[in-house]
Amino acid sequence: MDPIMTTESRVPAAESQERTLGPWKSWRILLLANACSLLGNYAQNLALPLWVLSVTGSYTATGVTFAVGTLPVVLCAPLAGRIVDRYDRLRVFIACELLCAALVLVLVMGVRAENLTVVYVTSALLKAVGSASVPAVQALLKERVPADQARPVIAKFEVVFGGAMSLGPLVGAALADGVGIEGALWVNLASFLVSGILALALRRPGAESPALPRTDDRPRGQVAPLRWSGIGPRLRRVALAEASYFLFLGSEVVIALAVFKQSAGVAAAAGYQTLAGIGWIVGSSLVVRRFNRQPRVIWAGAAVSTVATAALVLSGSSWSWAAIVVVGLLGGAGNVMIAGASTVVYQELTSNEVIGRIFAFRRAMLNLLMTVSYIVVPFAGELTAHPAPVLLVAGVVNLVVTTLLLAPYRGDGTGGRGD
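Parameters at a glance
- Residues numbered from 1 in each chain as written.
- Predicted model: local features only at pLDDT ≥ 70, side-chain atom pairs only at ≥ 80, totals over all residues.
- Heavy atoms only, no water.
- Helix = DSSP H or I, 4+ residues; strand = E, 2+ residues; numbered from the N terminus.
- Buried < 20%, exposed > 50% of the residue type's maximum accessible area, 1.4 Å probe, protein only.
- Contact = heavy atoms within 4.5 Å.
- Core = buried A, V, L, I, M, F, W, Y, C linked by side-chain atoms within 4.5 Å.
- pLDDT = per-residue confidence, 0-100.
- Phe/Tyr/Trp six-rings, centres within 6.5 Å; stacked < 30°, edge-to-face > 60°.
- Lys, Arg positive; Asp, Glu negative; His and termini not counted.
- Salt bridge = Lys/Arg side-chain N within 4 Å of Asp/Glu carboxyl O.
- Axes fitted to C-alpha atoms, helices over the stretch in contact; angles between N-to-C directions.
- Parallel < 35°, antiparallel > 145°, perpendicular 65-115°, else oblique.
- Nonpolar A, V, L, I, M, F, W, Y, C, P; charged D, E, K, R; others polar.
- Expected span 1.5 Å × (residues − 1).
- Patch = residues over 30% accessible without salt bridge, like charges linked within 9 Å, V, L, I, M, F, W, Y side chains within 5 Å.
- Areas by Shrake-Rupley, 256 points an atom, 1.4 Å probe, with all protein chains shown as cover.

A tally of helices and strands in the chain yields 14 helices and zero strands. Traced from its N-terminal end to its C-terminal end, the chain shows the element sequence α-α-α-α-α-α-α-α-α-α-α-α-α-α. Scored against the burial criterion, the 419 residues of the chain give a buried share of 53%. Taking the intrachain contacts of the chain between residues at least 6 apart in sequence as the baseline, contacts between residues at least 24 apart amount to 87%.

Moving on: the nonpolar core. In this structure, Leu30, Phe93 and Phe157 are the most contacted members of the largest nonpolar core, which totals 92 residues. It is helix α4 (residues 89–112) that provides the largest number of residues to this core, a total of 12 residues. If sequence neighbours within four positions are ignored, leucine 30 has contacts with Phe93, Val137, Leu140, Leu141, Phe157 and Leu202.

What follows covers unusual backbone geometry. Within the chain, glutamate 114 stands out as a residue other than glycine whose phi angle is a positive 50 degrees. Its location among the elements puts glutamate 114 in the loop between α4 and α5 (116–144).

Let us look at the confidence of the model for the chain. On average, the chain scores 81 in pLDDT, and the residues at 70 or more come to 81%. Least confident of the elements in the chain is helix α9 (residues 252–263), whose mean pLDDT is 66; most confident is α4, at 95. Note that residues 1–13 has pLDDT below 50 and, in this model, 46 contacts with residues that lie over four places away or in other chains. Below pLDDT 50 for its whole length, residues 415–419 participates in 15 contacts with residues either more than four positions away or in separate chains.

It is worth spelling out the packing of aromatic side chains at this point. Under the criterion given, the structure shown has four aromatic pairs. Seen in terms of ring centroids, tyrosine 42 and phenylalanine 161 are 5.8 Å apart; in terms of plane orientation they differ by 85 degrees. Their pairing is edge-to-face. Placement of the pair is tyrosine 42 in helix α1 (residues 13–56) and phenylalanine 161 in helix α6 (residues 150–178), with a sequence separation of 119 residues. Under the relative-accessibility criterion, tyrosine 42 is labelled buried at 16%. Its relative accessible area of 23% is what places phenylalanine 161 among the partly exposed residues.

This part covers the side chain of glutamate 158. Inspection of the secondary structure assignment puts glutamate 158 in helix α6. Arginine 362 provides the closest opposite charge to the buried, salt-bridge-free glutamate 158, at an N-O distance of 6.1 Å. Excluding residues that lie within four positions of it along the chain, glutamate 158 makes contacts with Trp280, Ser284, Val336, Ala339, Gly340 and Thr343.

This next bit is on the side chain of glutamine 138. On the secondary structure map, glutamine 138 appears in helix α5. Non-local contacts of glutamine 138, meaning those with residues more than four positions away in its chain, are made with Thr343, Gln347, Ile355 and Phe359.

Before going further, it helps to spend a moment on the pattern of salt bridges. Evaluation of the coordinates by the stated rule reveals six salt bridges. Here aspartate 85 and arginine 357 are joined by a salt bridge, their closest N and O atoms 2.7 Å apart. Here the residue aspartate 85 occupies a position in helix α3 (residues 71–86), and arginine 357 occupies one in helix α13 (residues 355–384), the gap between them amounting to 272 residues. The two residues aspartate 85 and arginine 357 agree in class, both being buried. Between glutamate 348 and arginine 234 there is a salt bridge; the shortest N-O distance is 3.4 Å. Taken together, the positions of glutamate 348 in helix α12 (residues 320–349) and arginine 234 in helix α8 (residues 233–249) put the pair 114 residues apart, joining distant regions of the chain.

This part takes up the packing of α3 against α13. Contact pair α3 / α13: the axes reach a minimum separation of 7 Å and the direction vectors enclose 170 degrees. Our classification of the angle between α3 and α13 gives roughly antiparallel. Taking contact as the criterion, the partners of Val73, Val74, Ala77, Gly81, Arg82, Val84 and Asp85 in α3 are, on α13, Ile355, Gly356, Arg357, Ala360, Phe361, Arg363, Ala364, Asn367 and Leu368. Across the contact of α3 with α13, the residue classes break down as nine nonpolar, three polar and four charged.

The next thing to look at is the packing of α8 against helix α11 (residues 294–314). Their axes nearest at 11 Å, the elements α8 and α11 cross at an angle of 10 degrees. Our classification of the angle between α8 and α11 gives roughly parallel. Facing Arg234, Val238, Ala241, Tyr245 and Leu249 of α8, the residues of α11 in contact are Gln294, Pro295, Ile298, Ser305 and Thr309. The residue inventory of the contact of α8 with α11, partitioned by class, reads six nonpolar, three polar and one charged.

This part takes up helix α7 (residues 181–200). The first and last C-alpha atoms of α7 sit 30 Å apart over 20 residues, in line with the 28 Å expected at 1.5 Å per residue. Of the positions making up α7, those classed as buried are Ile181, Gly183, Ala184, Leu185, Asn188, Leu189, Ser191, Phe192, Ser195, Gly196 and Ala199.

A cluster of nonpolar side chains, namely Leu247, Leu368, Val372, Tyr374, Ile375 and Val376, defines an oily patch on the protein surface of about 500 Å² accessible area. Top element by residues in the nonpolar patch is α13. It accounts for five residues. By the secondary structure assignment, valine 376 is in helix α13.

Below, the structure is given as structure tokens:
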């Protein structure tokens, strides 16, 4: 059985490395590389489906574009996790970023030829490669960041994610409207190249001091399969609470866009995601970064998300713009309070030798549940002709499930300090 749960969340060498290399060469360069990669991704993620819609006029074809962005993450998770846990994580991350740049170049050619098959296959391959890149980043943080600094560092990465989520769609839409879809694709290609080149500047553990012990203590042979029974009860409950949020409220964006499109117009619907990104940044900076009782933060995130759905239900034509601001900010803040605090718990309670597989499995599970939510909750809304109240019921159910799961651990926290 794999030692997934461990009380020794960082090896002592991480602190020696931080003192020797400094934060820039140990994790801040990785922060910049990750920021570049995310910004390019979000610029393309909106522009490409819009291009497919303009070329085909088919909402089904556009939906397929979104589907090929989620299914590869689910299917490739087992292999991606094993790669991250078996091979050098820094090399895996660099290879993924450079390979993604090459795939975007193929995507540019597919777009020029208006070949949907090439576009779909290349988009799926991009997500398949990304299924290894994302857990590699988390594994690198595990190796490089001392335990008492993990929470504020994770919060900084979440701030970067929120910034990319806010700015990326705006950049992508502006490029697609101004210079065409290829502008967004070239930006994404450049972002992968810059990310890979920046990562080359990262120092490997012990690179500057032979006296430092090796922090990478993973076995070099075959890696054993993960087992649910090997996960401790606290991590299980946190994982299930996070899964509950994505299952019941993963479709919040879809329903919010539908409601706002009817009341305040397309411009308001487009601005919703930017506001959610701002809420993500605020929640990460003011809550995840400063409070170390993670189960309580996750529960508070579920409560905030329920308030956001209530605001969505109450929104009417007379104050719909105010509702957009409230729902967007609260929705983004609630999301990061759940996802960010869960990441802290995963980092704290997962051992170095299995962290790649754990984070790959987590990402696959959340993508799968969010896909189910995209289908089931909006369908229930259409069936009842009241999509917003259906979402409110889903939010209340999620809050009840989260309360039951995390009640035994509501006072627990990590020893990580803020800054």
